[in-house]
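# Reading the structure
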Amino acid sequence: MAALVLAPAAIAIAWTGGPLWIALVTLAAIGMYVEWLTIVGAAQEKQTVAAGIAALVVSGLCLAFGYGALSLAALLTGAVAVAAVSRRLRFWSVAGFCYAAAAAFASAQVRLDGDYGFVALMFVLFVVWAADIGGYFAGRGIGGPKLWPRVSPKKTWAGAVGGFAGGLAVAAGFAAFDLGRLAPLLLLAAFLSIVSQSGDLFESAVKRRFGVKDSSQIIPGHGGLLDRLDGFVAAIVFAALFGFLRGGADGIGHALMVW
């Protein structure tokens, strides 16, 4: 039920874009950062928590006013500040900040493209959702050999293939609605599906490393933000980097959808 409410709300805010979308991704990044610190056992270090949150807020404000370079500078300063104030688990604290910061900055940059930003963002989001849903049903329905039992005992190779197929189906759908050419979208969806599932495994590995089942219980019945957004974080960061390399900072959405 929570997912049925949160997903349409997130899409509506993404459609609106601008400061409202930046506020949402900033709040999500703050939540993920705090959850990460809780998982690794560093949340009791108030100075570490405060330094990271302050940097994410400043970065978000800079993005809201159109200062992308200053936003990136705030995040880099934040990483240094987290490292400086952390008394223990410094590596894991900085890693958590960089994880949350990359998610927020990439989500904002992909949406920034006025002509293609929303479509590109929805493409990434739908591919991630399709990979998750396809993986779930294929894994449950087919079963078979485990993908990486030490990290995620429930995931199977059949589920991975099902998730991959789900991502390709999204690409075909976007092409059918003339939102991009089929071959490039299939290629992009293939990479995003793999990256998304790898992001899921990465978060599972971190939780298993510290003996944690769920990152939190903030979403009833669905765990924490990290549990729900792990695949999206990996996919959106990959998409932002790919789009930046192809189209520059101001044309990420266009570079993702138009080949």
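The preceding data block contains the structure.
Read on for an overview of the structure. (Residues numbered from 1 in each chain as written. Predicted model: local features only at pLDDT ≥ 70, side-chain atom pairs only at ≥ 80, totals over all residues. Heavy atoms only, no water.)

## Focus: the overall build of the protein
From N to C terminus, the protein includes 10 helices and 2 strands. Sequence-ordered secondary structure for the protein, helices as α and strands as β, is α-α-α-α-α-α-β-β-α-α-α-α. Here the C-alpha radius of gyration of the protein, 18 Å, is about what a compact globule of 259 residues would show, namely 18 Å. With the C-alpha coordinates aligned to their principal axes, the bounding extent of the protein is approximately 50 × 45 × 35 Å. Out of the 259 residues belonging to the protein, those deemed buried represent 48%. (Helix = DSSP H or I, 4+ residues; strand = E, 2+ residues; numbered from the N terminus. Rg over C-alpha atoms; globule rule 2.2 N^0.38 Å. Buried < 20%, exposed > 50% of the residue type's maximum accessible area, 1.4 Å probe, protein only.)

## Comments concerning the pattern of salt bridges
Under the definition given, this model contains 3 salt bridges. A salt bridge links aspartate 200 to lysine 155, with the shortest nitrogen-to-oxygen separation between them at 3.0 Å. Of the two residues, aspartate 200 is situated in helix H8 (residues 182-209) and lysine 155 in strand S2 (residues 152-156); the sequence distance between them amounts to 45 residues. A relative accessible area of 26% means that lysine 155 is categorised as partly exposed. (Salt bridge = Lys/Arg side-chain N within 4 Å of Asp/Glu carboxyl O.)

## Description of helix H3 (residues 46-64)
Taking 1.5 Å per residue as the helical rise, H3 with its 19 residues ought to reach 27 Å, and the 27 Å between its terminal C-alpha atoms agrees with that figure. Along its buried surface, H3 packs onto helix H2 (18-40), helix H4 (68-85) and helix H5 (90-112). Note on H3: the residue one or two positions beyond its end, glycine 66, has a positive phi of about 85°. (Expected span 1.5 Å × (residues − 1). Contact = heavy atoms within 4.5 Å.)

## Remarks on a nonpolar patch on the surface
Side chains of Val57, Leu61, Phe65, Tyr67 and Leu70 sit close together on the surface and give an oily, nonpolar patch of about 540 Å² of accessible area. Take valine 57: it is sitting in helix H3. The exposure class of valine 57 is partly exposed, given its relative accessible area of 35%. (Patch = residues over 30% accessible without salt bridge, like charges linked within 9 Å, V, L, I, M, F, W, Y side chains within 5 Å. Areas by Shrake-Rupley, 256 points an atom, 1.4 Å probe, with all protein chains shown as cover.)

## A few points about the pairing of S2
Side-chain positions along a regular strand alternate between the two faces of the sheet. Relative to S2, strand S1 (residues 146-148) runs antiparallel, the two being bridged by 2 bridges. Pairing of tryptophan 148 across the sheet is with serine 152, part of S2. Joining the antiparallel neighbours S1 and S2 is a turn of 3 residues. (Pairing = 2+ DSSP bridges.)

## So, the side chain of aspartate 227
Within the fold, aspartate 227 resides in helix H9 (residues 225-247). Residue class for aspartate 227 comes out buried when judged on its relative accessible area of 9%. Reaching out from aspartate 227, the side chain makes a polar contact with the backbone nitrogen of glycine 224 at a distance of 2.8 Å. (Polar contact = N/O pair within 3.5 Å; in protein donor to acceptor, adjacent residues only side chain to side chain.)

## Describing the packing of aromatic side chains
Tallied over the entire structure, the rule returns 15 aromatic pairs. On the basis of an interplanar angle of 80° and a centroid distance of 5.1 Å, the ring pair of phenylalanine 123 and phenylalanine 174 is categorised as edge-to-face. Of the two residues, phenylalanine 123 sits in helix H6 (residues 117-142) while phenylalanine 174 sits in helix H7 (residues 157-176), which places them 51 residues apart along the sequence. On the basis of relative accessibility, which here comes to 1%, the residue phenylalanine 123 falls in the buried class. Seen from the ring of phenylalanine 210, arginine 209 lies directly overhead, with NZ or CZ sitting 4.7 Å from the centre. The ring of tryptophan 259 carries arginine 246 above its face, with NZ or CZ at 5.0 Å from the centroid. (Phe/Tyr/Trp six-rings, centres within 6.5 Å; stacked < 30°, edge-to-face > 60°. Lys NZ or Arg CZ within 6 Å of the ring centre and 35° of its normal.)

## Brief notes about the packing of H5 against H9
Where H5 contacts H9, the two axes come as close as 9 Å, and the packing angle between them is 60°. Taken together, the axis directions place H5 and H9 in an arrangement best described as oblique. Seen along the crossing, H5 lies across H9 with a hand that is left-handed. Along the contact surface, H5 presents Tyr99, Ala102, Ala103, Ala106, Ser107 and Val110, while H9 presents Leu226, Asp230, Phe232, Val233, Ile236, Val237 and Ala240. A class-by-class count of the residues in the contact of H5 with H9 yields 11 nonpolar, 1 polar and 1 charged. (Axes fitted to C-alpha atoms, helices over the stretch in contact; angles between N-to-C directions. Parallel < 35°, antiparallel > 145°, perpendicular 65-115°, else oblique. Left-handed = near helix turned anticlockwise from the far one by under 90°. Nonpolar A, V, L, I, M, F, W, Y, C, P; charged D, E, K, R; others polar.)

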